[in-house]
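Next come the chains, spelled out residue by residue.
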Amino acid sequence: MQGEKDYPHYVGKEKVNTDYHHGQLPILPGVELYQIVGANRKHPELADGDTSTYKHAPDLAYFHGKFYVMYLLNPVDEHAGAGKSILASSADGKHWDNFTEAFPIYEIPACRLMDARGVEHVYADGMVATMHQRRCFYRAKNDRMLLLGFYGYAPEKWMVPWDTYGIGRVVRELYIDGSMGPIYFLLPNYQAGWTDALLKYPLYTEAEDAEFIDAVEELLANPLAMQSFAEENGDADDRIPVKHPEKGTYQAFNYYHLDDENVIGLWKHSFVARSTDGGRTFGPVVKEPSLVMSGQKIWGEKVGVDNYLLFYDPTLESTHRYPLAAVHSRDGITFEQMRLIHGEVPPMRYAGFWKDFGPQYMRGIEEDVLGETDRPDGRYTYLTYSVNKEDIWIAHVPGDAWERETWKGLQDPILYQPVGAHIAVENHDGSRSFALHNASVTDYAKVMQPFSKSEQVSLHFDVEVDSLQGKDFQLLLTTRKQEEAIWLRITVDGRVQLRTTAWITLFTLEDARAFHVDLEADCSTYSYTLTVARISCGQKETREENVILQNSYRFYNAVDTIGCLLLQTGDVRRFPNRETDPETYQDLDMIEKDFDDLILLRNLYLE
């Protein structure tokens, strides 16, 4: 098979089980997930300042020492209502601020137009455009960073707001200090009947800055960049190399270079193609069935030398888009080793048309957005995406993660940190400590600590409950696919429990608010021994009378090996599931209350 195809295909054995949010995929050590913004209709000041609950299609850039993300938003639904784009920045890719309108609401002038098909369009006073964007950034060789968006109008929510329903693509400059220049039209959709006199913004050719015009014209002369505009502006432009099929469209183009001349093109719905002339032309576009996906995008990227990654949701469903996974290749053609990137699907808080569950519409930093020397930390690959089409996230993926198939000791932890939560990690000689702080109403902070998998596992750690008011704290030992073997929890009413066929209370926090745990697990007997002793004044009490319990218990599930410790400030999630219909979904009735949970797990070490 490897020699039969000259375009990307997957030969690995791993496939997902979408009965689980994580798909039961093997975990990847060192992945860090940070929520950039979460929709908040009631308290927009805690989000991006906007009450809109449809937030989607983010794109990522790095420019003069800062990360930038741009995403679109609508009030409630896809393709409906007053749309605009938001730009945010970050110094470290973890903490985000300066949420600013990049492309504001566009008021459509009252007019009557005839498009190129002879169809009449009538726009009345008060109509507004919706925003759509396949790519948001382009960095020219003169180091001018362009911001890109597309205004369109959908007469019905199920109609796409582009081509003859499009108004056109707009552009403005992002300056080094983070401010932005004036807005211009880059590519008006003249085929929709628009004229320059009806456009709200001038054409880019009217700008007074000659270097800005040079940057825009460089973009227009770049066939790989122009291919990204094929749906929105239509593909009649000769500068777009790949035209749509007779029926349907090739959507959400992404590409990566194998070398100077050989370029791989990727689209939604498993479509791939190859160029041998640097992207000026492409060979046949083919549907590659081994790349299992639906309409939730794919992102491909060359990482370092002879390392390639594809990120996508390997599921055939389009409404349940999880988990987000990655596959790895040495040559950019033959991919294997499917690993988990984002396997969390919190409850959708706000219903809306075409709002699908899970992490989706992923984009990294495009090749033509990176500068020659102005680049982020080379240890990571960065990926942004939306979750449930209402929250925007970023993943930091270690570039050498695929080299760690043979693990020894404690590996780098995997972090999941929504807005309203914080995770602190400290490393010591042979041990590790965590502080999990959570005040998120609908989500939790989570740590996955991988370690050398084994049939016999001996773990030792200290637990201290600083505050626990909002949600139960969960501690689980699992396989590397998150199959649960041992399950402990601390409830908000102060009970320390373990799960067998039911929940059993071991002791209460009145007995010990800080305690030391010795845990010895044996997969050959599906059992473990648990020894717990009080901690006072920072020291474990070793006297026999201070041992709270010492007992043996059965596993929650029978597993062959154990290789991960899970810590999370909230219940294990089974909802939404594949039976949850987004079309009939209702807004979540959120009971908001102030709480501030903080759990510390210290001095974790493995024997």
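See the structure above.
These remarks concern the structure in this document. (Residues numbered from 1 in each chain as written. Predicted model: local features only at pLDDT ≥ 70, side-chain atom pairs only at ≥ 80, totals over all residues. Heavy atoms only, no water.)

1. With respect to the nonpolar core
Here comes step 1: Counting 99 residues, the largest nonpolar core has Phe137, Phe515, Tyr528, Leu530 and Ile562 as the members making the most contacts within it.
Here comes step 2: Looking at this core, the element that brings in the most residues is strand S4 (residues 66-74), giving 7 residues.
Here comes step 3: Here Leu530 is in contact with Leu488, Leu498, Leu506, Val517, Asp518, Leu519, Leu549, Gln550, Asn551 and Tyr553, once residues within four sequence places are set aside.
Here comes step 4: Core analysis: the next-biggest nonpolar cluster, separate from the first, contains 49 residues, Ile341, Leu383, Ile414 and Met448 among them. (Core = buried A, V, L, I, M, F, W, Y, C linked by side-chain atoms within 4.5 Å. Buried < 20%, exposed > 50% of the residue type's maximum accessible area, 1.4 Å probe, protein only. Helix = DSSP H or I, 4+ residues; strand = E, 2+ residues; numbered from the N terminus. Contact = heavy atoms within 4.5 Å.)

2. Overview of the sheet that holds strand S28 (residues 446-454)
Here comes step 1: Strand order in this open sheet of 11 strands is S22-S23-S24-S2-S25-S28-S38-S30-S31-S32-S33, and the pairing throughout is mixed. The two strands at the open ends of the sheet, each matched to only one other strand, are strand S22 (359-363) and strand S33 (503-508). Within this sheet the neighbouring strands show an average axis-to-axis angle of 20°, counted without direction.
Here comes step 2: Two strands pair when backbone bridges link them, and S22 and strand S23 (residues 380-387) are joined in this way by 3 bridges, in the antiparallel orientation. (Pairing = 2+ DSSP bridges. Axes fitted to C-alpha atoms, helices over the stretch in contact; angles between N-to-C directions.)

3. Some details on the packing of aromatic side chains
Here comes step 1: Counting across every chain of the model gives 27 aromatic pairs.
Here comes step 2: Consider the rings of Phe185 and Tyr201, whose centres lie 6.2 Å apart with planes at 40°: the pair is tilted. Of this pair, Phe185 sits in strand S13 (residues 184-188) while Tyr201 is found in the loop between S13 and helix H1 (210-220), placing the two residues 16 residues apart along the sequence. Residue Phe185 shares its accessibility class with Tyr201, and that shared class is buried.
Here comes step 3: Taking 5.6 Å as the distance between ring centres and 75° as the angle between the ring planes, the aromatic pair formed by Phe357 and Tyr585 counts as edge-to-face. In this pair, Phe357 is assigned in the loop between strand S21 (334-342) and S22 and Tyr585 in the loop between strand S38 (562-568) and strand S39 (597-606), connecting sequence segments 228 residues apart. Of the two residues examined, Phe357 and Tyr585, each falls in the buried class.
Here comes step 4: Among the aromatic residues, ring-to-ring pairing joins Tyr250, Phe253, Tyr255, Trp267, Phe271 and Phe282 into one connected group.
Here comes step 5: Taking the ring centre of Phe271 as reference, the NZ or CZ of Lys287 above it sits at 4.8 Å. (Phe/Tyr/Trp six-rings, centres within 6.5 Å; stacked < 30°, edge-to-face > 60°. Lys NZ or Arg CZ within 6 Å of the ring centre and 35° of its normal.)

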